[in-house]
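The residues making up each chain are set out below.
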Amino acid sequence: MYKLACFFIILFLFVGCDDKGINKEELYKGYSLKPINFLNKKAYIPSGFKKINLNEIGEMLRQNPDLNPIDKMNYQMAASAYNNSGKVPVLYQDSTATGNAIWFFPGPYIPLNKDLVNDCVQMLESSFIIPAENFGIRSERLEAKFIQNNLLKSIKVKYKLDYKDSTKYLTQFIIRKDLTTYSMVVSSNKIEDHQKILKSL
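Only a predicted model underlies this, so the values are computations on that prediction, with no experimental measurement involved.

Turning next to the pattern of salt bridges. Per the counting criterion, the structure on display carries five salt bridges. Between E125 and R141 there is a salt bridge, with its nearest N and O atoms 3.0 Å apart. Of this pair, E125 sits in helix 5 (residues 117-133) while R141 sits in strand 6 (residues 138-149), placing them 16 residues apart in sequence. For E125, a relative accessible area of 17% puts it in the buried group. The partly exposed category is assigned to R141, whose relative accessible area is 45%. E143 is the partner of K145 in a salt bridge, and the nearest nitrogen-oxygen pair spans 3.2 Å. With a relative accessible area of 32%, K145 lands in the partly exposed category. For E143, a relative accessible area of 22% translates into the label partly exposed. Because the salt bridges share partners, they merge into one network encompassing E143, K145, K156, K158 and D193.

Averaged over the protein chain, the pLDDT score is 81; the fraction of residues at 70 or greater is 81%. Confidence drops under pLDDT 50 across residues 1-19; counting only partners more than four residues distant or on other chains, this segment forms eight contacts.

Turning to the packing of aromatic side chains, a few remarks are in order. Taken as a whole and judged by the stated rule, the model has four aromatic pairs. Between Y28 and Y31, the ring centres sit 6.0 Å apart and the planes meet at 65°, which makes this aromatic pair edge-to-face. Given the relative accessible area of 13%, Y31 is considered buried. Here the aromatic rings of W103 and F105 are separated by 5.5 Å at their centres, their planes lie at 20°, and the arrangement is stacked. Owing to a relative accessible area of 2%, W103 belongs among the buried residues under this scheme. For F105, a relative accessible area of 4% corresponds to the buried category. Each member of the aromatic cluster is reached from another via a ring pair, and the members are Y28, Y31 and Y44.

Here seven strands make up an open sheet; going across it, the order is 3-4-5-9-8-7-6 and the pairing antiparallel. Single-partner strands in this sheet number two, and they are strand 3 (49-52) and strand 6. With direction set aside, neighbouring strand axes in the sheet form an average angle of 15°. Alignment of strand 3 against strand 4 (residues 90-94), held across four bridges, turns out to be antiparallel. Opposite F49, over in strand 4, you have D94 as the bridge partner.

A few words now on the environment of F105. Within the element layout of this structure, F105 appears in strand 5 (residues 101-106). In this structure F105 touches F38, N74, M77, A78, A81, P89, Y182, S183 and V185, once residues within four positions along its chain are discounted.

The rules behind each value
- Residues numbered from 1 in each chain as written.
- Predicted model: local features only at pLDDT ≥ 70, side-chain atom pairs only at ≥ 80, totals over all residues.
- Heavy atoms only, no water.
- Salt bridge = Lys/Arg side-chain N within 4 Å of Asp/Glu carboxyl O.
- Helix = DSSP H or I, 4+ residues; strand = E, 2+ residues; numbered from the N terminus.
- Buried < 20%, exposed > 50% of the residue type's maximum accessible area, 1.4 Å probe, protein only.
- pLDDT = per-residue confidence, 0-100.
- Contact = heavy atoms within 4.5 Å.
- Phe/Tyr/Trp six-rings, centres within 6.5 Å; stacked < 30°, edge-to-face > 60°.
- Pairing = 2+ DSSP bridges.
- Axes fitted to C-alpha atoms, helices over the stretch in contact; angles between N-to-C directions.

See below:
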């Protein structure tokens, strides 16, 4: 009986806690489950972030010609994802600081592995980071690595972006799970990149 009780205690610890011994309630304090429509699932997003309608991405660009080039780059990434997949990206924006946003972009299937980190970095930089420098944005790559969390695989690339007197942090997670590949892009005024969201996807 004692051994059986010990077994259930150990089982509870593994199921109820993440790999650092923090339970889900503590891990996602200040977050709430919100829908990612094109994935037909929900993920933990900061509670103060509100979903923005992106059905007319091109119209949003036309109505905001004076967007910060960093924010405009995100809209262009969304437009590209929509044009290539026909699926509407999902945007959650901080209701207290609109420069803070979390995007989810649909994408083509890619069998991710650690050997593709450099390829993903080159693709991101040639498509968006280097062209952004033409608008006066200075970039510094802070991180590029492969992440695996059970069945989820991801390549994370993080940048510090400076434009005039403002600094933003841009983090892209290319994610593969269940034969589906998509991206989560976090744009923030702070270095926080919300990587813990991956555990809920």
